[in-house]
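Coordinate analysis (summary)
Residues per chain, in single letters:
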Amino acid sequence: MTVTELATALGVGRPIVYRLVATLEVRDFVTRREDGRIRLGLGITRLSQSVLPLLRESAQPILRSLADKVGATAHLTVVEGGEALAIAVIEPSWTDYHAVYRIGTRHPLDRGAAGRAILAAREGRTAYVVTDGELQSGAHGIAVPIVGIAGLEASVGVVSMVSLDARTVGPQLSSAAQAVTSALR
């Protein structure tokens, strides 16, 4: 956007926007293109990198409890670059056989329970989402969006190589998502 467009969108004067942009530019949060338009800068990447460890740290005890209760691999997934990105994964401690899901795994938002739960939240739906075999043949996923944290698009889910009872696991996921929300506030 241009400075004028930003001023209009924010409902403030152009001098205020110039000062804000100058401050953000010094920290590389925005850059000015040759045509005068303002766009996000690389400083945003550093900022997001510092937030992910906080999210991971807050969610891990909740995911540990969830994984052990359900007997399935639990994960916290966020949106990054228009894709679902697993940022925390905990395998159950007591099972002999469980799905392996890695931190850093990416997939389209419209495939897999984690991404579909995030898309559902965008439409105002917060119920759990169930998928079978969308990301890996034989894998069963259930996820619920995390809501109530401004600017965070995320979900909590479980993945298993055996079918899961959504009526039992769904409420546990909802409780875990609420616990993550509380931990982040």
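Anyway, here's the lowdown on the structure attached to this text. Note that the coordinates shown come from a computational prediction; the quantities given were computed from them, not determined experimentally. (Residues numbered from 1 in each chain as written. Predicted model: local features only at pLDDT ≥ 70, side-chain atom pairs only at ≥ 80, totals over all residues. Heavy atoms only, no water.)

1. Let's talk about the overall build of the protein chain
Scanning the protein chain from terminus to terminus reveals five helices and eight strands. Its C-alpha atoms put the protein chain at 60 × 30 × 30 Å along the principal axes. Here the protein chain, with 185 residues, has 39% of them falling under the buried criterion. Contacts in the protein chain between residues far apart in sequence, at least 24 positions, make up 45% of those at least 6 positions apart. (Helix = DSSP H or I, 4+ residues; strand = E, 2+ residues; numbered from the N terminus. Buried < 20%, exposed > 50% of the residue type's maximum accessible area, 1.4 Å probe, protein only. Contact = heavy atoms within 4.5 Å.)

2. Some points on the environment of Asp35
Inspection of the secondary structure assignment puts Asp35 in the loop between strand S1 (30-32) and strand S2 (38-40). Sequence separation between Asp35 and Arg56 is 21 residues, and the spatial gap between their C-alpha atoms is 39 Å. Among the polar contacts listed, one links the side chain of Asp35 to the side chain of Arg33, at a separation of 3.0 Å. A polar side-chain atom of Asp35 sits 3.0 Å from the main-chain amide nitrogen of Arg37. (Polar contact = N/O pair within 3.5 Å; in protein donor to acceptor, adjacent residues only side chain to side chain.)

3. A look at the pairing of strand S6 (residues 129-132)
Side chains Val129 and Thr131 of S6 all project onto a buried face; the interleaved residues Val130 and Asp132 project onto a face where none is buried. For S6 and strand S7 (residues 140-146), the ladder comprises four bridges, and the chain directions are antiparallel. Following the sheet pairing, Thr131 is matched in S7 by Gly141. (Pairing = 2+ DSSP bridges.)

4. What about the pairing of S7?
Judged by how many residues are buried, S7 sits mostly within the fold: seven of seven residues are covered. Pairing geometry for S7 and strand S8 (residues 154-160), over seven bridges, is antiparallel. Pairing of Ile146 across the sheet is with Ala154, part of S8.

5. With respect to the pattern of salt bridges
In this structure the tally under the stated criterion is 11 salt bridges. The salt bridge partner of Arg37 is Glu5, with a shortest N-O separation of 2.9 Å. Placement of the pair is Arg37 in the loop between S1 and S2 and Glu5 in helix H1 (residues 3-10), with a sequence separation of 32 residues. Since its relative accessible area comes to 30%, Arg37 is described here as partly exposed. Where Asp165 meets Arg167, a salt bridge forms, and the shortest distance between an N and an O atom there is 3.4 Å. Accessibility expressed as a relative area gives 67% for Arg167, which makes it exposed. Here the salt bridges share partners, and the residues they tie into one network are Glu5, Arg33, Asp35 and Arg37. (Salt bridge = Lys/Arg side-chain N within 4 Å of Asp/Glu carboxyl O.)

6. Overview of the side chain of Thr131
Along the chain, Thr131 falls in strand S6. For Thr131, a relative accessible area of 7% puts it in the buried group. One polar contact links the side chain of Thr131 to the main-chain amide nitrogen of Ala113, over a distance of 3.2 Å. With residues up to four places along the chain from it excluded, the contact list for Thr131 reads Gly112, Ala113, Arg116, Ala139, His140 and Gly141.

7. Looking at the side chain of Thr95
Structurally, the position occupied by Thr95 is in the loop between strand S4 (83-90) and strand S5 (106-108). There is a polar contact of 3.1 Å between the side chain of Thr95 and the side chain of His98.

8. Here we look at the environment of Ile44
When you line up the elements, Ile44 lands in helix H3 (residues 43-70). Along the chain, Ile44 and Asp28 lie 16 residues apart, while their C-alpha atoms are 7.5 Å from each other. Not counting residues up to four positions away in its chain, the partners in contact with Ile44 are Asp28 and Phe29.

9. Some remarks on the sheet that holds S6
Taken in spatial order, the six strands line up as S5-S4-S3-S8-S7-S6 in an open sheet, and their pairing is antiparallel. Each having just a single partner strand, S5 and S6 make up the two edges of the open sheet. Adjacent strand axes in the sheet meet at a mean angle of 30° when their direction is disregarded. One ladder, built from seven bridges, connects strand S3 (residues 73-80) with S4; its direction is antiparallel. Along S4, the bridge assignment pairs Val79 with Ala84. Docked against the sheet, helix H4 (residues 113-122) engages S3, S4, S5, S6, S7 and S8, running at close to 35° with respect to S7. (Axes fitted to C-alpha atoms, helices over the stretch in contact; angles between N-to-C directions.)

Read these as layout, nothing more, since geometry by itself doesn't imply function.
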